[in-house]
Amino acid sequence: MEFEHIPILLEESIEALKIKEAGTYVDGTIGGAGHSQEILKRLKGGRLIGIDQDPAALKKAKSVLEPLGKNFSLVHGNYKDMPQILEDLSIDRVDGVLLDIGVSSHQFDEAERGFSYRFDAPLDMRMDPQGKVRAYDLVNDLSGQELEDIIFKFGEERWAKRISDFIVKERQIRPLETTYDLVEVIKKAIPKSARRKGGHPAKQTFQALRIAVNNELGVLEESIPQIVDLLNPGGRLAIISFHSLEDRIVKKTFQYLNQSCVCPPELPVCVCNKKREIKIISKKPLAPSKEEMSRNPRSKSAKLRVAEKL
């Protein structure tokens, strides 16, 4: 399947980066290079580094970017490894970083990747096909309590306990091997009256398992301070998130990095020696326009937050 991905909040994120013609920029989740090609078009003497866990994304990105010039490098990896990736490329600091968090449209639509409840496929959900843990392993090997915790925490699913109980009961008969195996168990677990309220009953559980398989929230939380350290003064970090768990991490981490002191208020003087590292550019997250949401329904939940290194 051809790697197709419609860039979300394209104009807003490119504007947010305040691109300098001779600057160095990183697209930490390059996907189909929709954002990156617009960055590269604006560089004259500058450099673009694109990172992605998915080899199919890097192949697509190469085909998109090559006609625009040679001043780019593509790296197979996770954006959490950006410090090492840049060191390997002999780059000390950069002028901007873009992160478009979550699963690409291509990954959802490529049935065999197992991300979607719309297709019958092996329970996989790895963004990096070389990753060790699959959704199959979580569903069939974790305890009922561990499954419940994942489904409730990462999926915010009110029926997490019933779903985990039904999974444990079903796998005692046979392993759950495919997405449809899991969907059927979820449908049994959630009462019909609750399922009539709209939305696919498996949506939140699939989201939870995908997040757990790829450690998405842990990677995001760990990476933001590291990325800020890599920015030149005045450099921008722009992050597009797609659900409240991601956006909450971005918001709270930006708020922390924006503070100059985190000492308890009862202390007469500051002893933490914390320095303010960023200026928050987007006091409220930017959302897609009605026109964009109409053109691309998958953009509806997107939020863009932007910070600038001091």
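Positions within a chain are numbered from 1, following the residues in the order the chain's sequence is written. Two thresholds apply to this predicted model, a pLDDT of at least 70 for residue-level local features and 80 or more for giving and counting side-chain atom pairs, whereas whole-chain, interface and lining totals are computed over all residues. Heavy atoms throughout the structure, all of them, feed into the side-chain values; hydrogens and water do not.

Undergrad: Mind laying out the sheet that holds strand β4 (residues 94–100), listing which residues take part and the relevant values?
TA: Note on pairing: DSSP must find at least two bridges between two strands before they are called paired. A helix here means a DSSP run of H or I that spans at least four residues, while a strand means a run of E at least two residues long, and both kinds are numbered starting from the N terminus. Taken together, the 7 strands give an open sheet; going across it, the order is β3-β2-β1-β4-β5-β7-β6, and neighbouring strands pair in mixed fashion. The sheet is open, and its two borders are formed by β3 (72–76) and β6 (278–280), each paired with just one other strand. Across the sheet, the axes of successive neighbouring strands diverge by a mean angle of 15 degrees, strand direction being ignored. In this analysis, two residues are considered to be in contact whenever any of their non-hydrogen atoms come within 4.5 Å of each other. Axis angles are defined between N-to-C directions and span 0 to 180 degrees, where every axis is a line fitted to C-alpha atoms and, for a helix, only to the segment in contact. Helix α3 (residues 55–65) rests against β2 (47–52) and β3 of the sheet, and its axis sits at about 170 degrees to β3. In the packing of helix α12 (residues 216–230) onto the sheet, contacts are made with β4, β5 (231–241), β6 and β7 (303–309), and the angle to β5 comes to roughly 150 degrees.

Undergrad: Kindly report on the pairing of β2, identifying the contributing residues and their values.
TA: Classification of residues uses two cut-offs on accessible area relative to the type maximum, computed with a 1.4 Å probe and protein chains only: under 20% is buried, over 50% is exposed, and between them is partly exposed. Taken across its 6 residues, β2 has 5 buried, putting it largely inside the fold. Here strand β1 (residues 24–27) pairs with β2 via 4 bridges, running parallel. Residue pairing for β2: Val 26 is matched across the bridge by Ile 49. By convention, a crossover is right-handed whenever its connection, traced from the first strand over the helix to the second and viewed with the strands pointing away, goes clockwise. Taking the sense of rotation as the criterion, the β-α-β connection linking β2, α3 and β3 turns out right-handed.

Undergrad: Please set out a nonpolar patch on the surface residue by residue, giving values where relevant.
TA: Together, Leu 267, Val 269 and Val 271 line one region of the surface with nonpolar side chains, adding up to about 270 Å² of accessible area. In this fold, Leu 267 is placed in the loop between α13 (244–257) and β6. By definition, no residue in a patch forms a salt bridge, and every one has over 30% relative accessible area; like charges are joined within 9 Å, nonpolar side chains (Val, Leu, Ile, Met, Phe, Trp, Tyr) within 5 Å. Each accessible area value is a Shrake-Rupley result obtained with a 1.4 Å probe; residue values ignore everything except the protein chains displayed when judging cover. Every case where a carboxyl oxygen of Asp or Glu lies within 4 Å of a side-chain nitrogen of Lys or Arg is listed as a salt bridge.

Undergrad: How would you summarise the packing of aromatic side chains if you had to cite specific residues and measurements?
TA: Note on aromatic pairs: the rings of Phe, Tyr and Trp (six-membered ring only in Trp) are paired at centre separations within 6.5 Å, and the planes decide the class, stacked below 30 degrees, edge-to-face beyond 60, tilted for the rest. What the rule picks out here adds up to 1 aromatic pair. On the basis of an interplanar angle of 85 degrees and a centroid distance of 5.6 Å, the ring pair of Tyr 117 and Phe 206 is categorised as edge-to-face. Of this pair, Tyr 117 sits in the loop between α5 (105–109) and α6 (135–141) while Phe 206 sits in helix α11 (residues 203–214), and the two are 89 residues apart along the sequence. For Tyr 117, a relative accessible area of 22% gives the class partly exposed. What makes Phe 206 buried here is its relative accessible area of 3%.

Undergrad: Describe the pattern of salt bridges, and please don't skip the residues or the numbers.
TA: As enumerated under the stated definition, the model contains 19 salt bridges in all. With its nearest N and O atoms 2.9 Å apart, the salt bridge here joins Asp 137 to Arg 134. Of the residues examined, Arg 134 reaches a relative accessible area of 31% and is grouped as partly exposed. For Glu 216, the salt bridge is made with Arg 210, and the minimal N-O distance between the two is 2.8 Å. The pair Glu 216 / Arg 210 is uniform in exposure class, with both members buried. Through salt bridges with shared partners, a single ionic network connects Glu 38, Lys 41 and Arg 42.

Undergrad: Outline unusual backbone geometry, listing residues and values.
TA: Positive phi, close to 70 degrees, is recorded for Ala 33, a residue that is not glycine. As for its placement among the helices and strands, Ala 33 is situated in the loop between β1 and α2 (34–41). Non-glycine residue Asn 273 carries a positive phi angle of around 60 degrees. The residue Asn 273 is located in the loop between α13 and β6 in this model. Of the residues examined, Asn 273 reaches a relative accessible area of 65% and is grouped as exposed.

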